[in-house]
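In case you want the letters, here they are:
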Amino acid sequence: MLRKDFIRNASLAAASVAFVPTKDLFAAKADAKVKMGIIGVGARGLGHLNLLLSREDVEVVCICDIDSKTLNSAKRIATKSGKKMPEIFTGDNYSWKTMLDKNKLDGIVIATPWEWHKEMIIGSLDAGIKYVGSEVIIGISLEDHWEVVRAAEKHKANVMMLENVCYRRDVMAVLNMVRQGVFGELIHLQGGYQHDLRDVKFNGGSEVEKGVEFGEKGYSEAHWRTEHSVHRNGDLYPTHGVGPIANYININRGNRFTSLCSFSSKNRGLHNYIVKNGGENHPNAKVNFKLGDVVTTSINCVNGETILLQHDTNLPRPYSLGFRVQGTEGLWMDVNKSIYIQDKSAKPDQWEDAKQWLDKYDHPLWQRWSKETAGAGHGGMDFFVIHALVESIKHKTPTPLDVYDAATWSAISPLSEKSIDLGCQTVEFPDFTGGNWMYRKPVFALTDNY
Ligand SMILES: NC(=O)c1ccc[n+]([C@@H]2O[C@H](COP(=O)([O-])OP(=O)(O)OC[C@H]3O[C@@H](n4cnc5c(N)ncnc54)[C@H](O)[C@@H]3O)[C@@H](O)[C@H]2O)c1
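Residues numbered from 1 in each chain as written. Predicted model: local features only at pLDDT ≥ 70, side-chain atom pairs only at ≥ 80, totals over all residues. Heavy atoms only, no water.

In this section: the overall build of the protein chain. When helices and strands are tallied, the protein chain shows 17 helices and 15 strands. Its C-alpha atoms give the protein chain a radius of gyration of 22 Å, near enough to 22 Å, the size a compact globule of 450 residues would have. The dimensions of the protein chain, computed from C-alpha atoms along their principal axes, are 60 × 55 × 40 Å. Buried residues in the protein chain amount to 59% of all 450 residues. Taking as baseline every contact in the protein chain between residues at least 6 positions apart, the subset at least 24 positions apart corresponds to 74%. Considering the protein chain, the positive charge centre built from 53 side chains and the negative charge centre built from 54 side chains are found 4 Å apart. (Helix = DSSP H or I, 4+ residues; strand = E, 2+ residues; numbered from the N terminus. Rg over C-alpha atoms; globule rule 2.2 N^0.38 Å. Buried < 20%, exposed > 50% of the residue type's maximum accessible area, 1.4 Å probe, protein only. Contact = heavy atoms within 4.5 Å. Lys, Arg positive; Asp, Glu negative; His and termini not counted. Charge placed at Lys NZ, Arg CZ, Asp CG, Glu CD.)

Membership of the largest hydrophobic core comes to 121 residues, with the highest contact counts inside it found for Tyr167, Tyr248 and Trp332. A total of nine residues in this core trace back to one element, the largest contributor, which is helix α15 (residues 381-395). Counting residues in each nonpolar core, the second largest holds ten residues, with Phe202, Phe214, Leu270 and Ile274 among its members. (Core = buried A, V, L, I, M, F, W, Y, C linked by side-chain atoms within 4.5 Å.)

Moving on: helix α11 (residues 239-248). The α-helix winds at 3.6 residues per turn, so residues separated by three or four positions along the chain end up facing the same way. Counting buried positions along α11 gives ten out of ten residues, so the element sits mostly inside the fold. Two residues or fewer after α11 comes Asn250, characterised by a positive phi angle close to 55°.

We now examine the site of the ligand. Around the ligand lies a shell of 26 residues, among which Arg44, Asp65, Ser220, Glu221 and Trp224 are the nearest. With respect to the ligand, the side chain of Glu221 contributes an N or O atom lying 2.5 Å from an oxygen atom. Protein coverage of the free-state accessible area of the ligand, which is 840 Å², stands at 91%. Among the secondary structure elements, those contributing two or more residues to the shell around the ligand are α3 (43-53), α6 (114-126) and α10 (221-231). By residue number, the principal contributor to the shell around the ligand is α6, which donates four residues. Along the lines of polarity and charge, the residues of the shell around the ligand split into eleven nonpolar, ten polar and five charged. (Near = heavy atom within 4 Å. Polar contact = N/O pair within 3.5 Å; in protein donor to acceptor, adjacent residues only side chain to side chain. Areas by Shrake-Rupley, 256 points an atom, 1.4 Å probe, with all protein chains shown as cover. Nonpolar A, V, L, I, M, F, W, Y, C, P; charged D, E, K, R; others polar.)

This brings us to the sheet that holds strand β1 (residues 34-39). Taken in spatial order, the six strands of this open sheet run β3-β2-β1-β4-β5-β6, and their pairing is parallel. Edge strands, defined here as strands with exactly one partner in the open sheet, are β3 (87-89) and β6 (158-161). The sheet shows a mean angle of 20° between the axes of neighbouring strands, direction not considered. Where β1 lies against strand β4 (residues 107-110), four bridges are found, and the strand directions are parallel. Residue pairing across strands places Gly37 opposite Ile108, the latter belonging to β4. Its contacts with the sheet place α3 against β1, β2 (58-64) and β4, and it is angled at close to 155° to β2. (Pairing = 2+ DSSP bridges. Axes fitted to C-alpha atoms, helices over the stretch in contact; angles between N-to-C directions.)

The next thing to look at is the sheet that holds strand β11 (residues 324-327). In spatial order, the strands read β14-β13-β12-β11-β7-β10-β9-β8-β15; together these nine strands make up an open sheet with mixed pairing. Each having just a single partner strand, β14 (352-353) and β15 (427-428) make up the two edges of the open sheet. Each of β7 (186-194), β11, β12 (330-333) and β13 (338-341) touches helix α8 (residues 169-179); the most contacted strand, β12, lies at about 170° to it. Strand contacts of helix α17 (residues 412-421): β8 (257-264), β9 (294-301), β10 (306-312) and β15, with the helix running at about 60° to β8, the strand carrying the most contacts.

Here we take up the environment of Val159. Along the chain, Val159 turns up in strand β6. In this structure Val159 comes out as buried when scored by relative accessible area, which is 1%. Each C-alpha atom of the pair Val159 and Asp402 lies 5.7 Å from the other, and the pair is 243 residues apart in sequence. Those residues in contact with Val159 that sit more than four places away from it in its chain are Ile121, Leu125, Val132, Val148, Ala152, Thr399, Leu401, Asp402 and Val403.

With that settled, consider the packing of aromatic side chains. Counted under the stated rule, the structure contains 18 aromatic pairs. With a centroid separation of 5.6 Å and 5° between ring planes, the pair formed by Tyr167 and Phe384 is classed as stacked. Highlighted residues: Tyr167 in the loop between β6 and α8 and Phe384 in helix α15, separated in sequence by 217 residues. The exposure class assigned to Tyr167 is buried, which follows from its relative accessible area of 0%. Aromatic side chains Phe323 and Trp332 sit 6.1 Å apart centroid to centroid with 15° between the ring planes, which places their arrangement in the stacked category. In this structure an aromatic cluster arises from ring pairing among Tyr167, Trp366, Trp369, Phe383, Phe384 and Phe444. Above the face of the Tyr237 ring, Arg225 is positioned so that its terminal group lies 4.3 Å from the ring centre. (Phe/Tyr/Trp six-rings, centres within 6.5 Å; stacked < 30°, edge-to-face > 60°. Lys NZ or Arg CZ within 6 Å of the ring centre and 35° of its normal.)

Once that is clear, we can look at the pairing of β12. Of the strand pairs in this sheet, β11 and β12 are connected by three bridges, and their pairing is antiparallel. Note that in β12 the partner of Arg324 across the bridge is Met333. Two successive antiparallel strands, β11 and β12, enclose a turn made up of two residues. In terms of strand pairing, β12 meets β13 through four bridges, oriented antiparallel. Paired with Met333 across the two strands is Ser338, which belongs to β13. Where β12 hands over to β13, the hairpin turn is made up of four residues, of which Lys337 adopts a positive phi near 50°.

Within the element layout of this structure, Ser229 appears in helix α10. A residue is classified by how much of its surface remains accessible, and Ser229, at 2% relative accessible area, is buried. Among the polar contacts made by the side chain of Ser229, one reaches the side chain of Lys201 at a distance of 2.9 Å. When near neighbours in sequence (up to four residues on either side) are disregarded, Ser229 contacts Lys201, Leu236, Leu270, Phe289, Lys290 and Leu291.

We now examine α3. Among the residues making up α3, those that are buried are Gly45, Leu46, His48, Leu49, Leu51, Leu52 and Leu53. Those residues of α3 that are buried lie in contact with β1, β2, α4 (68-81), β4 and α15.

Put into structure tokens, the structure is as follows:
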């Protein structure tokens, strides 16, 4: 579809979606170069560093990490880019505070373990940074999420969770279809995080060594993420699944989550993996993991849609986020890469290959920027989160995913833990917007800018 048709359709067909004309978004004069810093250049942060260094409109001024090995990788990447070497801050867990005191930054990217995000987001806001891009999950407890929201409000600053799946090409094509009414009125949505993480949760202490170590002896996410599986039971990683869904049904923008209920299966996957690969006498074979292998969460929305999310990271399985978008006219499912739309699909009650639909409704953001996505992680979608953050800074506009989105999506973790703790009771979903969900308008991906 042509860009002008998309813009017209976005404004006409999706009555609830306010169209923001391109020229308004770009009314403010863009700053030529934005000064950025990064906290955490591990597996994820190095990808963000690469993307930031590849942009002519960004200067990466400073980097902080506590691990010398990964800092060496960061320095190699910076050298290769031919750009000025960022100042490196390291030494202890709070070196990032020194970095923020010494540098006046336009924006910051945080890619550290989950338990650091709240403190680093709020610390960045307190240091005067107006654009904070945090990797997914912005807090551990429900109160953490409120604290981040209150801090962003107090500082009148932007906190964008860098939820890249919102920008996946098929996910965006489906967003385009939703807004053009292809599925009719949406009724039910599904998604989740279904990813065999056993060799992420365990390794032999380095990038190349397989093993069953975690914690002090683990490398990268095995160093910290596995502890969450020991101590917590809930949907620990909801944002990849719920982010796209929230955009489809305008959560916090005319709609909101009202209640949530989670169920957890028994757990076998992590223990079996340790025994299989480390032997039953390995000390980790004695660890009691709290996280159920499959955690299922249902969420109710004020406008009547239901959502089903699944967190499934401990068992052998191919990767799938398990999307299903179902309305009064038909549905899309990503597992079988299929679509069915009544009266339009070739045969009644039979799946149709989704490809031709996804191509036809390819989102204008992808049409415009696909060349730039080449080489960016996760099939190119990582380009868009950094692009959106940087362009928002340059144009002094709110980020397209904001602190209310971040808090709402990420708070599913503590809420699902609470529900399971209470014997799978339904718990109330807090309204982080304080009632403003009724007045806020959709802003995500209404143009082909960012
Ligand atoms: N969106 C995605 O597709 C995606 C993919 C992978 C990871 N992530 C997220 O990115 C974040 C980081 O994950 P990762 O895989 O890079 O983990 P990682 O363990 O490889 O990297 C984390 C880095 O943070 C550093 N760090 C820890 N504490 C610090 C502190 N106090 N000060 C400075 N640096 C500190 C570590 O030394 C490490 O280099 C997590 O939130 C994770 O969920 C997102």
